[in-house]
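# Structure assessment
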Amino acid sequence: MRVRPRRLRTTPAMRALASETRVAAAQLVLPMFVREGIREAAPIGSMPGVVQHSLDSLRRAVVEAAEAGVGGVMLFGVPEEKDAIGSGATDPDGILNVATRAVVEEVGDAIVVQTDLCLDEFTDHGHCGVLAADGSIDNDATLERYRDMGIAQAASGSHLLGLSGMMDGQVAAVRDALDANDFDRVAILGYAAKYASAFYGPFREAVDSSLVGDRRSYQLDPANRREGLREALLDIDEGADVVMVKPAGTYLDVLADVAAASTVPVWAYQVSGEYAMIEAAAANGWIDRRRSVLESLTSIARAGADVTLTYWAVEAAEWLRER
Ligand code: PBG
């Protein structure tokens, strides 16, 4: 007998039957930015094709995403004013809460409406938490802000809260606040293994970030694989409905570890820098854009992601339908 693995690669039909990983539109979530005080969508230079939405353009784009079969949207707010405690995050009239109400009014539960629960877009220092007198991040004072933010987002109609701040105990704190306020049906996505990554670069422009310095005292060291799994297990223990690994493409080992051990769904976030790199190389004609995007999404799914957050969600959904 001669070993001939190539038999399963002979024709497109044979390859389709032999395919181990399929990506579907329903497994994609589109991250979206909404900016306070603008009338028309504004382009983001470092993320060609991605915009800061106005309330109106956001409504239209969410409907478009739902029609394309995308599974969910994750909303990020860009407020006009910021302060030390990120007051806009808990204000019912803050941009993210206003936008959430608008979107839910528009699409109901036809698509899962998710909100970023973190203070960094709302603080004048740009950190994900509030600061102690010595300038360090005050973990437990931040948890109090997250509890209030969770209640504000749930009251605005968010279906799933994306806890991206990397404070210790954040999942348990927000779960407790939700349950104590009759929001026990609102789900929590723990950004369990979120690394202090250079690949968030374009996102900082997208949200007009005020950050000086870095987030290494709360986000994970890119060198640490075991610690990613530890964080995911802690989030599951605290009651996370879903856990996430972020970024995706450069952390596929962590993703595979978490997928093997998790008792809840595992999501991955293909972040702004991953988007920008493929867009830039494709714009130069150095790589095939569509094939690169689909390959990157397939690889993330292959490593174990049940769902991927990607800025290409709508376009990829259309391509996947054509395939
Ligand atoms: C923090 C947050 C960040 C991203 C999502 N949520 C930035 C950060 O941690 O610095 C990055 C997403 C991306 O790069 O696409 N609220």
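Below, the structure is looked at part by part.

Cut-off values and rules
- All residue numbers refer to positions counted from 1 along the written sequence of the respective chain.
- Per-residue local features are limited, in this predicted model, to residues with pLDDT of at least 70; the limit for side-chain atom pairs, both in listing and counting, is 80 or more; totals at the level of whole chains, interfaces and linings are taken over all residues.
- Here the side-chain values reflect all heavy atoms present in the structure, with hydrogen atoms and water set aside.
- In this description, a disulfide is simply a cysteine sulfur pair whose atoms lie within 2.5 Å.
- For helices, the fitted axis covers only the stretch in contact; all axes are lines through C-alpha atoms, and the angles between them, taken along N-to-C directions, range from 0 to 180 degrees.
- Under the DSSP-based scheme used, a helix requires at least four consecutive residues in state H or I and a strand at least two consecutive residues in state E, with every element numbered from the N terminus.
- Roughly parallel means an angle under 35 degrees; roughly antiparallel means over 145; roughly perpendicular covers 65 to 115; every other angle is labelled oblique.
- Note on convention: the crossing is left-handed when the near helix lies turned anticlockwise from the far helix by less than a right angle, right-handed when the turn is clockwise.
- Residues count as neighbours in contact if any of their non-hydrogen atoms are within 4.5 Å of one another.
- Classes in brief: Ala, Val, Leu, Ile, Met, Phe, Trp, Tyr, Cys and Pro nonpolar; Asp, Glu, Lys and Arg charged; the others, Gly included, polar.
- Grouping buried Ala, Val, Leu, Ile, Met, Phe, Trp, Tyr and Cys residues that are joined through side-chain atoms within 4.5 Å yields what is termed a nonpolar core.
- A 1.4 Å probe rolled over the protein chains alone gives each residue an accessible area, and that area as a share of the maximum for its type sets the label: buried under 20%, exposed over 50%, partly exposed in between.
- Ring pairs shown here join Phe, Tyr and Trp side chains whose ring centres sit within 6.5 Å, with only the six-membered ring taken for Trp; geometry is labelled stacked below 30 degrees between planes, edge-to-face above 60, and tilted in between.
- Think of a polar contact as two N or O atoms within 3.5 Å of one another; within protein, one of them needs to be a possible hydrogen donor and the other a possible acceptor, and neighboring residues in sequence only count if both atoms come from side chains.
- Proximity criterion: a residue is near a molecule or strand once any of its heavy atoms comes within 4 Å of it.
- Calculation of accessible area relied on Shrake-Rupley with a 1.4 Å probe; when residues are assessed, cover is drawn exclusively from the protein chains displayed.
- This arc corresponds to the set of directions leading from the helix axis out to the C-beta atoms.
- In the sections that follow, a salt bridge refers to a side-chain nitrogen of Lys or Arg positioned within 4 Å of a carboxyl oxygen of Asp or Glu.
- Pairs of strands are assigned from DSSP output, requiring at least two bridges between the strands.
- Handedness is read with the strands pointing away from the viewer; a crossover is right-handed when the path from the first strand over the helix to the second is clockwise.

### Quick word on the state of the cysteines
A full pass over the atoms with the stated rule returns zero disulfides. No disulfide involves C118; its sulfur sits 3.3 Å from that of C128, the nearest cysteine.

### Some words on the packing of helix α2 (residues 55-67) against helix α3 (residues 95-107)
Helices that pack against each other are described as a pair by the angle of their axes relative to one another and the distance between those axes. Remark: α2 packs on α3, axes separated minimally by 10 Å, with the N-to-C direction vectors making an angle of 45°. Regarding the angle of α2 to α3, the classification is oblique. Judged by the twist between their axes, the crossing of α2 over α3 is right-handed. In contact with L55, L58, R59, V62 and V63 of α2, α3 contributes I95, V98, A99, A102, V103, E105, E106 and V107. For the contact of α2 with α3, the residue count by class is ten nonpolar, no polar and three charged.

### Details of the nonpolar core
Formed by 102 residues in total, the largest nonpolar core has its most connected members in F33, V70, Y146, W267 and Y269. Residues contacting Y146, with those up to four places away along its chain left out, are L117, C118, L119, C128, G165, M167, Q170 and V174.

### Considerations on the packing of aromatic side chains
Summed over the entire model, instances satisfying the criterion amount to nine aromatic pairs. Ring centres of F33 and Y311 lie 6.0 Å apart, and the angle between their planes is 15°; on these two criteria the pair is classed as stacked. Linking F33 in strand β1 (residues 28-35) with Y311 in the loop between β10 (307-309) and α11 (313-322), this pair joins segments that are 278 residues apart in sequence. In terms of burial, F33 and Y311 fall into one category: buried. A centroid spacing of 4.3 Å and a plane angle of 20° characterise the contact between Y195 and Y251, whose relative ring orientation is stacked. Of the two residues, Y195 is situated in the loop between β7 (187-194) and α6 (201-206) and Y251 in the loop between β8 (242-246) and α8 (252-261); the sequence distance between them amounts to 56 residues.

### Regarding the environment of I44
Structurally, I44 can be placed in the loop between β2 (42-43) and β3 (51-53). Under the relative-accessibility criterion, I44 is labelled buried at 4%. In this structure the C-alpha to C-alpha distance between I44 and A268, which are 224 residues apart in sequence, comes to 23 Å. If we ignore the near neighbours within four places in the chain, the residues touching I44 are F33, V50, V51, Q52, E205 and A206.

### Brief notes about the side chain of T115
Of note, T115 is situated in strand β5 (residues 112-117). Judged by relative accessible area, which is 0%, T115 ranks as buried. Within the local environment of T115, its side chain forms a polar contact with the side chain of S158, the two groups lying 2.8 Å apart. The residues touching T115, leaving out its near neighbours within four places in the chain, are M74, L75, L96, T100, Q153, S158, L160, L161 and G162.

### Topic: the site of the ligand
Close contacts around the ligand come from 18 residues, with D120, R204, K246, S272 and Y311 the closest. At 2.8 Å from an oxygen atom of the ligand is found a side-chain nitrogen or oxygen belonging to Q219. Contact with the protein chains covers 100% of the free accessible surface of the ligand, which is 410 Å². A per-class count over the shell around the ligand returns eight nonpolar, three polar and seven charged.

### Points about α8
Listed in full, the buried residues belonging to α8 are V254, L255, D257 and V258. Down the axis of α8, the smallest arc covering the buried residues is 160°, so these residues share one side. Where α8 is buried, its residues contact β7, α7 (226-237), β8, β9 (266-269) and α10 (289-303).

### Section: the pattern of salt bridges
When the charged atoms of two side chains lie near each other, side chains of opposite charge can form a pair. Applying the stated criterion to the full structure yields 13 salt bridges. The partner of R101 in a salt bridge is D93, and the shortest N-O contact between them spans 4.0 Å. On the basis of relative accessibility, which here comes to 34%, the residue R101 falls in the partly exposed class. In the salt-bridge network here, residues are joined through shared partners; they are R59, E105 and E106.

### Thoughts on the pairing of β8
The buried count for β8 comes to five of five residues, which makes it a mostly enclosed element. What you see with β8 is no split at all: V242, M244 and K246 on one side and V243 and V245 on the other are buried throughout. Alignment of β7 against β8, held across four bridges, turns out to be parallel. Note on β8: the bridge partner recorded for G190 is V243. Here β8 pairs with β9 via three bridges, running parallel. Paired with M244 across the bridge in β9 is W267. In this fold, the crossover linking β8 to β9 by way of α8 has right-handed handedness.

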